[in-house]
Amino acid sequence: MAGQNNRNSFYKILVVDDESAIRRFLSTVLSNDEFLLHEAESGNAGLAAAATVRPDVILLDLGLPDLDGIEVIRRIREWSQVPIIVLSVREREDDKVAALDAGADDYLTKPFGVGELMARIRAALRRSQQDVPEPVFSSGNLQVDFPRRLVSVDGQEVQLTPTEYDLLRLLVTHVGKVMTHSQILKQIWGVAYLEQPHVLRVNISNLRRKIETDPSRPQHIITEPGVGYRLKTY
Amino acid sequence: MNTDSKRDSSGAPERLLACISGGPNSEKLIRATRRLADQLGAQWYTVYVETPSNSKYTRENSERVWHFLRLAESLGAQVTSVAAMSIVDAIKECASRHGITRVVVGKPGRPRLKDRLFLPIHEKIIRGIGKVDVLVVSLELASDNGRKVRSTAMGKSGLISYLFCFLLIAMVTIACEFLRPVLDPTNMVMFYLLAVVIVSVRLGRKQAVVTSVLGVMAFDFFFVPPRLTFEVVDTQYLITFAALFVVGMVISSLVARAGERAEVLRMREVQTASLYYLSRDLTAAVDIQSVLNAVVRNVEEALKARLTILFPTGPGLDVVVASKGLKLDQYDCSVAEWAFQNGSMAGRGTDIYPASGLFFLPLRTPVGLLGVMGIGFEHEDDYQSQDYRRLADAFAAQASMAMERVNLAKQAEQAKIIQARENLERALLNSISHDLRTPLSSITGVLTSLKADDLNLPDQSRRELLDTACGEAERLNRFVANLLDMTRIESGAVRLKLEPGDVQDLVGCAIGALEPIAKNRQIVVRIEPMLPLVAMDMVLMTQVMVNLIENSLKYSPADSPVEIGAGLGQDCLEIEVCDYGKGIAETELQRVFDKFYRLPVPEGAGGTGLGLSICKGIVEAHNGSIKAENRPSGGLRMVVRLPLDGTGEF
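Residues numbered from 1 in each chain as written. Chains lettered and ligands numbered in written order. Predicted model: local features only at pLDDT ≥ 70, side-chain atom pairs only at ≥ 80, totals over all residues. Heavy atoms only, no water.

### Some details on the pairing of strand 1 (residues 11-16) of chain A
Residues and elements named next belong to chain A. With respect to burial, strand 1 is a largely interior element, 6 of its 6 residues being buried. A two-sided burial pattern is seen for strand 1, the buried positions comprising Tyr11, Ile13 and Val15 on one face and Lys12, Leu14 and Val16 on the other. In the sheet, strand 1 pairs with strand 2 (residues 35-40) via 6 bridges, with the strands oriented parallel. By the bridge assignment, Ile13 is partnered in strand 2 with Leu37. Handedness of the crossover joining strand 1 and strand 2 through helix 1 (residues 20-30): right-handed. Where strand 1 lies against strand 3 (residues 57-61), 4 bridges are found, and the strand directions are parallel. For Val15, the partnering residue across the bridge sits in strand 3 and is Leu59. (Buried < 20%, exposed > 50% of the residue type's maximum accessible area, 1.4 Å probe, protein only. Helix = DSSP H or I, 4+ residues; strand = E, 2+ residues; numbered from the N terminus. Pairing = 2+ DSSP bridges. Right-handed = clockwise from strand over helix to strand, strands pointing away.)

Pasting the structure below:
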């Protein structure tokens, strides 16, 4: 993967967080031969660094002293599509949804494990560098063949309604990323359906029944309570 | 007002007492005393002694007295009015009660006839008062307008009443004429006396005097031989005339005075009764509002007045209660504020802002001013009435005391509540600090032992230590999350974000969140197919399910499964979490939802004691219910019921 980076052999990661303990921890964990870490301790410093450093991934804390994290996301999104992963101690789902709707790619609630962090960073990098989607998506026992519009579980073909297929395709194209309820509703059903969340619940429930081995313990479509859904890869 | 009194040579503060008679010169006496008090820097008092002999001019006199007392009050005196038999004794008693050092009395500039015959009153006071100094102020005798005032004395005036006297005497005379054959002339006098008594009772003193004169004349003219002339042959009859006249006068005087006293007593009786009713109502009042209502009701009845009470709120005063239809304008409010700030009465009937629509008096308690009471009397005269003023004062004092009592009771109650809350908070703090410290100690222990260079731990031990630390950190995180949830639920800061929720999704999320602890356990899920979506806050309900499942995992043997079920109940969605543990004693089933309640589990499962109370809070916020019950086959069953009707809105 590192070979794809033609500027140098490192992925540049920008950490925007006002807590020095967190920055130190991240720099210890992320400073290896794969990543190169840049630090910013305020929203404005982060915005400046994002322009000068041109990072491959931004880790952004929502609770910054000078600027609201969501405002930082909005300003970066004005000119860049760099993956942004939000780090927040806030337990409030509203903040996560606002960050995702503002353009953040993913979020991690503090405290988080290193494994989780690495997985999210890698997934974000993978998404951002994959210009042309693979024609066939495969994860665990699930396989989606886009050219043939064919979905199969454990090699068995599964019949999906057009809406279910669109829903699954949307999740697959954003694999690993949380899609908020409103993002999904807007893209599949249109803006008029934003206030009709039950449509989404019913379709997710039906989709799970068809592709999950045990719908009560979903392996593919993971619910992020109060936020949205994420397609997990294996 | 001058309240800081200087001390005289003996060290006791100077206190002056002005004794006023209610006569026209009283004002001069008051002003003289005030000047003296100012010079001495002394406190001063003004007293009016009401005796049977000077109460005969009740109304006009008392109005003048009242006026003088108000004047004295406005000049800074403390005023009292006492009723007694003897002026000297009353003043003596008053002086000793207030610790008076000097008594100030007036002396007429020119001695009157009465003063020549009897010992003048100031002389009596000087002789009777004992060791207190008496200052005698010489008073010019002002023009005797007092007497003029008196001359319009009480009783029915006018010709009609005198005509009645005349008719009565005529009737008595006619009756006596018929009785003449059987009655001795001297006994006829009794009938005339009867007429005098009737007139004095019914009409008043003057008419009685006229009646006795008429009676004497009629008796002389018609019955004393020689009849039909005013001549008297038998000089003995002169004694009869004199007796008839004097007895008539005396009786009329006595009857009139008795009537006046009866009137005064009746007034007092009414006042006492109204005060009694007020105090009875106030005793029954338990809060400020009922005290206020009782005061308004009683004052309205007793004084036939409209009433308002104002309490201080922030910068100004606000009306807290008022009689129907009583409105205060800007001016009244500023008068009320003056009364409150100066702690003295103001408004109509006083010398301060008399243009105000109401008479204001402060509500005073031993600790300070509570507020102001404003009274609007029915008649203009009532503002000047000493009796009404006295009664209003008494009402205000009673009301203040009752409010103070209610306030004190409330404070005591609040102190008790605060005490209880403090105890609870201390218990919570102890519990919380214990729950925070336990995992922290483990983590610190692990970290320090890993850091220590001289401890050559084998890799296996290091790994175990790290696992412990991670587990404890996880536990700490859950505890803090629970604590935050609890605080939010308790402070009412939780606003449910209701959305149509899928039970299967809910259960899935909960199991997913418990993956680290649940991975080695068997969790059986049985969800009825085609369950409707239910309105719920997914995040909070996930928290509920996580807590319930975590408890079940914790309090049941490691090799036993945990069963989760969902189905339709009576108008509700039922979600149950069952385990194969020991269950809970029946008596404890309710208490498990109490904050910081922990089951006595031997292996010390290390719960926070918050999980179930959070569940209860969240479920009840959804208008649902949560219940713990023992299963017949052993183990515990927790049932959450969520109302279905919430789905209607989707």
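Having seen the model, we can carry on.
### Description of the sheet that holds strand 8 (residues 150-153) of chain A
Across a sheet, strands are paired by hydrogen bonds formed along the backbone, either parallel or antiparallel in direction. All names here are of chain A. Within the open sheet, the 4 strands sit side by side as 6-7-8-9. Their pairing is antiparallel. Single-partner strands in this sheet number two, and they are strand 6 (136-139) and strand 9 (156-158). Geometrically, the sheet is characterised by an average inter-axis angle of 25° between neighbouring strands, direction not taken into account. Across 4 bridges, the pairing between strand 7 (residues 142-145) and strand 8 is antiparallel. For Gln143, the partnering residue across the bridge sits in strand 8 and is Ser152. Where helix 6 (residues 162-173) meets the sheet, it contacts strand 6, strand 7 and strand 8, and its direction lies at approximately 100° from that of strand 7. (Axes fitted to C-alpha atoms, helices over the stretch in contact; angles between N-to-C directions. Contact = heavy atoms within 4.5 Å.)

### A short note on the packing of helix 10 (residues 236-284) of chain B against helix 11 (residues 288-303) of chain B
All names here are of chain B. At their nearest, the axes of helix 10 and helix 11 sit 9 Å apart, and the two run at 165° to each other. By the angle class used here, helix 10 and helix 11 are roughly antiparallel. Every pair of crossing elements has a handedness; the one defined by helix 10 and helix 11 is right-handed. Contacts between helix 10 and helix 11 pair Ser274, Tyr277, Leu278, Asp281 and Leu282 from the former with Val291, Ala294, Val295, Arg297, Asn298 and Ala302 from the latter. Of the residues in the contact of helix 10 with helix 11, the class split is 7 nonpolar, 2 polar and 2 charged. (Parallel < 35°, antiparallel > 145°, perpendicular 65-115°, else oblique. Left-handed = near helix turned anticlockwise from the far one by under 90°. Nonpolar A, V, L, I, M, F, W, Y, C, P; charged D, E, K, R; others polar.)

### Focus: the interface of chain A and chain B
The partner chain B presents 21 residues to the 19 residues of chain A that form the contact. Looking at the side of chain A facing chain B, the largest losses of area belong to Arg201, Ser216 and Arg217 of chain A, adding up to 32% of the total buried there. Remark: the boundary between chain A and chain B carries 2 salt bridges. Taking the shortest distance from any N to any O, the salt bridge between Arg201 of chain A and Glu499 of chain B comes out at 2.7 Å. Listing elements by their share of the side of chain A that touches chain B, those giving two or more residues are helix 4 (93-102) and helix 8 (197-211) of chain A. Among the elements that make up the side of chain A that touches chain B, the one with the highest residue count is helix 8 of chain A (6 residues). Class assignment for the residues of the side of chain A that touches chain B results in 7 nonpolar, 6 polar and 6 charged. (Buried area = accessible area lost by both parts, 1.4 Å probe. Salt bridge = Lys/Arg side-chain N within 4 Å of Asp/Glu carboxyl O.)

### Describing the pattern of salt bridges
Residues and elements named next belong to chain A. Taken as a whole and assessed by the stated rule, the structure comprises 32 salt bridges over all chains. Between Glu224 and Arg230 there is a salt bridge, with the nearest N and O atoms lying 3.1 Å from each other. Arg230 carries the same exposure label as Glu224, and that label is buried. Connected through shared salt-bridge partners, Asp106, Glu116, Arg120, Glu224 and Arg230 make up one network.

### As for the confidence of the model for chain A
All names here are of chain A. Per-residue pLDDT for chain A has a mean of 87; in total, 94% of the residues score no lower than 70. Within chain A, strand 3 carries the highest mean pLDDT (93), whereas helix 5 (residues 114-129) carries the lowest (86). With pLDDT under 50 throughout, residues 1-7 is counted as low confidence; its partners more than four residues away or in other chains account for 10 contacts. (pLDDT = per-residue confidence, 0-100.)

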